[in-house]
Amino acid sequence: MKKQVLVSVDRGETRVALLEAPKKGSQPAGQQAIGPGKGYRIAELYLERRGARSIVGNIYKGRVDNVLPGLEAAFVDIGLDRNGFLHVDEIVMPGVDAPRRGRGSGTGPKISDLLKPGQEVVVQVVKDPLKTKGARLSMELTIAGRYMVYAPTGEGVGVSRRLDDSERARLRREAAGLDLGGGGAIIRTAASGAKRADFERELQYLFKLHEVLGVRVKKTPAPALVFQEADLSVRVVRDVFSSDFERAVVDDEKQHHRLVSFFSRTAPELVDRVELYRGKRPLLEAYGVDRVIDGLMSRRVDLPSGGYLMIDYAEALTVIDVNSGSFIGRGRGARLEDTITKTNLESAEEVVNQLRLRDIGGIIVIDFIDMARARNRDAVLKVLRQALDEDRTKTFTAEISKLGLVEMTRQNVTEGVREIISRPCPTCEGEGVILSEETLALEFERRLRDLAVSRPKVDAFLVQMNPRVSAQFTGNGSRVLHELETETGKYFHFEGSEGLGLAHFAVTLEGTREEVEERALPFREGEEVLVDIVEPHMYDVDDAVAKIDGYIISVSGGGPLVGRKRMVRIDEAGRTAAKASLLEPVTPEEARAAVDARPRVRLPRAGRAKDDKGQTKARTGGQKKKKAPSDEPDSSKETGSADAGSEGSEGSDRLESKPRRRGRRGGRRRSAAKAKTSSD
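These numbers come from a predicted model, not from an experiment.

S.K.: Looking at this structure, I do not really get the overall build of the protein. What am I missing?
M.R.: Of regular secondary structure, the protein possesses 17 helices and 31 strands. Residues classed as buried in the protein amount to 38% of the 680 residues present. For the protein, long-range pairs separated by at least 24 residues make up 63% of all intrachain contacts whose partners lie at least 6 apart in sequence. A total of about 38700 Å² of accessible surface is found on the protein, and carbon and sulfur atoms cover 49% of it.

Following this line, the structure appears as structure tokens:
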């Protein structure tokens, strides 16, 4: 599978995109690249910001802060805000057989015997701090190269299981007898096709890094960072760049030089594949990556057939729901089972695409549409697992349950792109829902009743709240407000703006009715105001309505100006609404534009006929379009036809004439009413 890597470096952020070409004979799926990357799909995205780099792979000299035998773990201070978590399974000490969870007779050394508070240890981060949890640590150190991962405390040589058996056997032969300096090594997937000379050259580089690490550990007091993993672009290119990769495109000269320098030391034959981008458009925009990043915030993912996925994130797991949407099968002989299976097969591939793009980890539950046949369920699971073979992150997939659910896990090492570019909503605090305006209005109504009881000597109150909530009181002719005032014997005025939170409630003034009204009324009679006319008047089509922070202004003659800003003069001002007139009259051009913008009413099929060219047209007695009854002039004056005159005289209660039919000789048949009129 051919691949490309895009590296974009900005002032505070580095973005890396992995592009993959579809296999031969397979249909393009997932988020497609554009421009220079046409024919590739955007498979993986990585973001790293200057102040929040991933610390996976970093090695620290830490100090044990606390040992918890009940958890078989210790918390280690590594100099970060939160202590790291070191489990007993990750403890490696020379000459000590550390206990393993669920193994042995329990007679071996306990974690409290291996580690003591205040003890200094060298640990490596294997999982970034996520949410409220600290970093996951291990004492089994590894130093990653391009072809190999060197483990100073390990033993033997392992080969990646992602390679086929013949290639694994060949690499074992190439690595046989290598001097590992008393440690161990793992040959990576990127080593496919590598020779013994490549391993020997890289081992010298890894030995040098380990030597530098040992010196820093001795000289540096705990807690401190003693080895930092490479930055994002070098990590990604190092981990995935192989003979299958066509090129790496970089838009920053310094980063380009860094990658060239890295490959010059580790793989000189690949230096020519690192290119510096010099296009006029931004790199990720030219390849269509920016629009994919924007789409990662959406819960819904559409499928080519018309179905869609819904992705919901929870604390314990991520749920992906498959829906058929508008897909109803193909052909007249399409069956329900075939339609469901087609949607599920398409969804299986897209689910994996989204897991990789969004870097979703932890427990994942996929709710496929229920299938009746076992062979269809097996086919969907097979497609899912084949797609997961391209995922570099470790996964485990269970069988499809009787409820059509697939349970799987995906290793969660770092934060995904969605978590990096977003934060919880400050209004709902990440819940996704808030109290409705009606609910808040009912709660505020109870507060106002209590306020009236607790302030018996006060006549009126000025209350500050969001206009969308106060509209629950002032809407429908202020019926709710009048009932409340009648019940309490008090007067309530409202003020506020859209900038206030929906749950905001504050009493800003108490006093006599005149005092509160003086401050509460936003406008005075005769005042000139610039308003945004937002909608037509409900009862008079010639007028329109403007709203300022929930205060309603009826603009006389403003019907043609909906969507525009105009200066008006306040004629009458009330507590919740005002009446105003335009300072400048409506121009003929504005009136014509308003008429053209009105939606045309489509007549029923019974009222439609065909013209001489076979084109369907509306029969409205010669009118070109149907207008509102109040705007409609007498049709007889426009067309002079008898039919038009009969329709225009009826106004809004008129009846539509039936479609005329042609006679055998092509002439129009007259209606019975016309025939009678002619005879008279």
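From this point, the discussion proceeds with the structure in view.
S.K.: Got a minute to help me understand the environment of Val 240 in this structure?
M.R.: For Val 240, the position within the fold is in helix α4 (residues 232-240). For the pair Val 240 and Arg 146, spaced 94 residues apart in sequence, the C-alpha separation works out to 8.7 Å. With near-sequence residues (within four places) excluded, Val 240 lies in contact with Val 5, Phe 245 and Arg 392.

S.K.: I'm lost on the sheet that holds strand β18 (residues 317-323) in this one. Help?
M.R.: Sheet strands pair via backbone hydrogen bonds, and the direction of the pair is either parallel or antiparallel. Pairing in this open sheet of 6 strands is mixed, and the strands run β16-β17-β18-β19-β21-β20 from one edge to the other. Where the open sheet ends on each side, the last strands, each with one partner, are β16 (300-302) and β20 (395-400). Here the strands of the sheet are splayed against their neighbours by 20° on average, with no regard to which way each runs. Two elements, β18 and strand β19 (residues 362-367), share 5 bridges in a ladder whose sense is parallel. Each residue of the ladder has a partner; that of Val 319, found in β19, is Val 365. Here helix α9 (residues 374-388) sits on the sheet and contacts β19, β20 and β21 (405-410); the angle it forms with β20, its principal contact strand, is near 175°.

S.K.: Quick question: what am I supposed to make of the sheet that holds strand β10 (residues 148-151) here?
M.R.: Strand order across the open sheet formed by 4 strands is β9-β10-β12-β11, with mixed pairing between neighbours. Each of the sheet's edge strands pairs with one partner strand only, and the pair in question is β9 (143-144) and β11 (156-159). Bridging between β9 and β10 involves 2 bridges; their strand directions are antiparallel. Within the sheet, the bridge partner assigned to Ala 144 lies in β10 and is Val 149. Helix α2 (residues 165-175) contacts β11 and β12 (184-187) of the sheet and is inclined by roughly 155° relative to β11. The sheet contacts of helix α3 (residues 196-219) involve β9, β10 and β12, and relative to β10 the element is tilted by about 40°.

S.K.: Explain unusual backbone geometry here, please?
M.R.: Note on backbone geometry: most residues besides glycine have negative phi, and most peptide bonds are trans. Cis rather than trans, the peptide bond between Ala 222 and Pro 223 has omega equal to -5°. You can see Pro 223 is positioned in the loop between α3 and β13 (224-227). Residue Lys 131 is not a glycine yet carries a positive backbone phi of 55°. You can see Lys 131 is positioned in the loop between β7 (120-127) and β8 (136-138). Lys 131 sits in the exposed class, given a relative accessible area of 58%. The residue Glu 429 is not glycine, and still its phi comes out positive at about 55°. Relative to the helices and strands, Glu 429 resides in the loop between α10 (417-421) and α11 (437-454).

S.K.: Would you take a moment to explain the side chain of Glu 346 for this structure?
M.R.: Position of Glu 346 among the secondary structure elements: in helix α8 (residues 336-358). The side chain of Glu 346 is buried and forms no salt bridge, while Lys 342, the nearest opposite charge, is found at 4.7 Å. When neighbours within four sequence positions are excluded, Glu 346 is seen to be in contact with Leu 303, Pro 304 and Ser 305.

S.K.: Looking at this structure, I do not really get α2. What am I missing?
M.R.: One turn of the α-helix equals 3.6 residues, which is why residues spaced by three or four share an orientation. Of all the residues in α2, the buried ones are Glu 167, Arg 170, Leu 171 and Ala 175. Down the axis of α2, the sector holding all buried residues measures 130°, keeping them to one side. What points out from α2, more than 90 degrees from its buried face, is the exposed set Asp 165, Ser 166 and Arg 173. Where the residues of α2 are buried, they touch β11, β12 and α3. Immediately beyond the C-terminal end of α2, within one or two residues, lies Gly 177, with a positive phi of roughly 80°.

S.K.: Help me understand the side chain of Glu 202 in this model?
M.R.: Along the polypeptide, Glu 202 turns up in helix α3. The buried charged residue Glu 202 lacks any salt bridge, with Arg 146 as its nearest oppositely charged partner at 6.3 Å. Looking at Glu 202, its side chain comes within polar contact range of the main-chain nitrogen of Arg 146, at 2.8 Å. Setting aside residues up to four positions removed in sequence, Glu 202 forms contacts with Gly 145, Arg 146, Tyr 147, Met 148 and Thr 266.

S.K.: What is the right way to look at the nonpolar core in this model?
M.R.: Taken as a class, soluble globular proteins show a tendency for nonpolar side chains to be buried jointly. One finds Val 5, Met 148, Phe 199 and Phe 263 to be the most contacted residues of the largest nonpolar core, which totals 42 residues. Formed jointly, this core draws a minimum of three residues from each of two domains, domain 1 (3-53 + 233-290) and domain 2 (58-96 + 115-231). Setting aside its immediate chain neighbours within four residues, Phe 199 contacts Tyr 147, Met 148, Leu 171, Glu 174, Ala 175, Leu 178, Ile 187, Ala 191 and Ala 194. In this structure, Leu 303, Val 351, Leu 381 and Ala 387 belong to the second largest nonpolar core, which totals 26 residues.

S.K.: What exactly am I supposed to notice about the packing of aromatic side chains here?
M.R.: Two aromatic rings are characterised by how far apart their centres lie and by the angle between their planes. Considering all chains together, one arrives at 8 aromatic pairs under this definition. For the ring pair Phe 75 and Phe 85, a centre distance of 5.6 Å and an interplane angle of 65° mean the geometry is edge-to-face. Of this pair, Phe 75 sits in strand β5 (residues 73-77) while Phe 85 sits in strand β6 (residues 84-87), and the two are 10 residues apart along the sequence. We classify Phe 75 as partly exposed; its relative accessible area is 26%. A cation over an aromatic ring shows up here: Arg 418 above the ring of Tyr 313, its NZ or CZ 3.7 Å from the ring centre.

S.K.: Which parts of the structure should I look at to understand α3?
M.R.: For α3, built from 24 residues, the straight-helix expectation of 34 Å at 1.5 Å per residue is met to within 8% by its first-to-last C-alpha distance of 35 Å. Taken together, the buried positions of α3 are Asp 198, Phe 199, Glu 202, Leu 203, Leu 206, Leu 213 and Val 217.

S.K.: Even after reading the chapter, I still don't get the pairing of strand β4 (residues 59-68), so can you show me in this structure?
M.R.: Sheet faces and side chains relate simply in a regular strand, where the side chains alternate between the two faces. Pairing of β4 with β7 involves 5 bridges; the strand directions are antiparallel. Paired with Tyr 60 across the two strands is Val 123, which belongs to β7. Judged from the 3 bridges that link them, β4 and β13 form a sheet pairing that is antiparallel. Bridge pairing links Ile 59 to Phe 227 in β13. Of the strand pairs in this sheet, β4 and β5 are connected by 5 bridges, and their pairing is antiparallel. Bridging from a neighbouring strand, Arg 63 pairs with Asp 77 of β5. In this antiparallel pair of consecutive strands, β4 and β5, the connection spans 4 residues, and Glu 72 shows a positive phi of 50°.

S.K.: When you look at the pattern of salt bridges in this model, what are you seeing that I'm missing?
M.R.: Two side chains of opposite charge can pair, provided their charged atoms sit close to one another. One pass over the structure, following the stated rule, counts 46 salt bridges. Where Arg 63 meets Glu 120, a salt bridge forms, and the shortest distance between an N and an O atom there is 4.0 Å. Of the two residues, Arg 63 is situated in strand β4 and Glu 120 in strand β7; the sequence distance between them amounts to 57 residues. Under the relative-accessibility criterion, Arg 63 is labelled partly exposed at 29%. The class of Glu 120 is partly exposed, set by a relative accessible area of 43%. Put simply, Arg 564 and Glu 590 hold a salt bridge, and the shortest N to O gap is 3.1 Å. Of the two residues, Arg 564 is situated in the loop between β27 (551-556) and β28 (565-573) and Glu 590 in helix α14 (residues 588-597); the sequence distance between them amounts to 26 residues. Where salt bridges share partners, they join Lys 3, Glu 20, Arg 41, Glu 44, Arg 356 and Arg 392 into one cluster.

Reading the values: rules and limits
Residues numbered from 1 in each chain as written. Predicted model: local features only at pLDDT ≥ 70, side-chain atom pairs only at ≥ 80, totals over all residues. Heavy atoms only, no water. Helix = DSSP H or I, 4+ residues; strand = E, 2+ residues; numbered from the N terminus. Buried < 20%, exposed > 50% of the residue type's maximum accessible area, 1.4 Å probe, protein only. Contact = heavy atoms within 4.5 Å. Areas by Shrake-Rupley, 256 points an atom, 1.4 Å probe, with all protein chains shown as cover. Pairing = 2+ DSSP bridges. Axes fitted to C-alpha atoms, helices over the stretch in contact; angles between N-to-C directions. Lys, Arg positive; Asp, Glu negative; His and termini not counted. Salt bridge = Lys/Arg side-chain N within 4 Å of Asp/Glu carboxyl O. Arc of directions from axis to C-beta. Polar contact = N/O pair within 3.5 Å; in protein donor to acceptor, adjacent residues only side chain to side chain. Core = buried A, V, L, I, M, F, W, Y, C linked by side-chain atoms within 4.5 Å. Domains from an automatic or database assignment. Phe/Tyr/Trp six-rings, centres within 6.5 Å; stacked < 30°, edge-to-face > 60°. Lys NZ or Arg CZ within 6 Å of the ring centre and 35° of its normal. Expected span 1.5 Å × (residues − 1).

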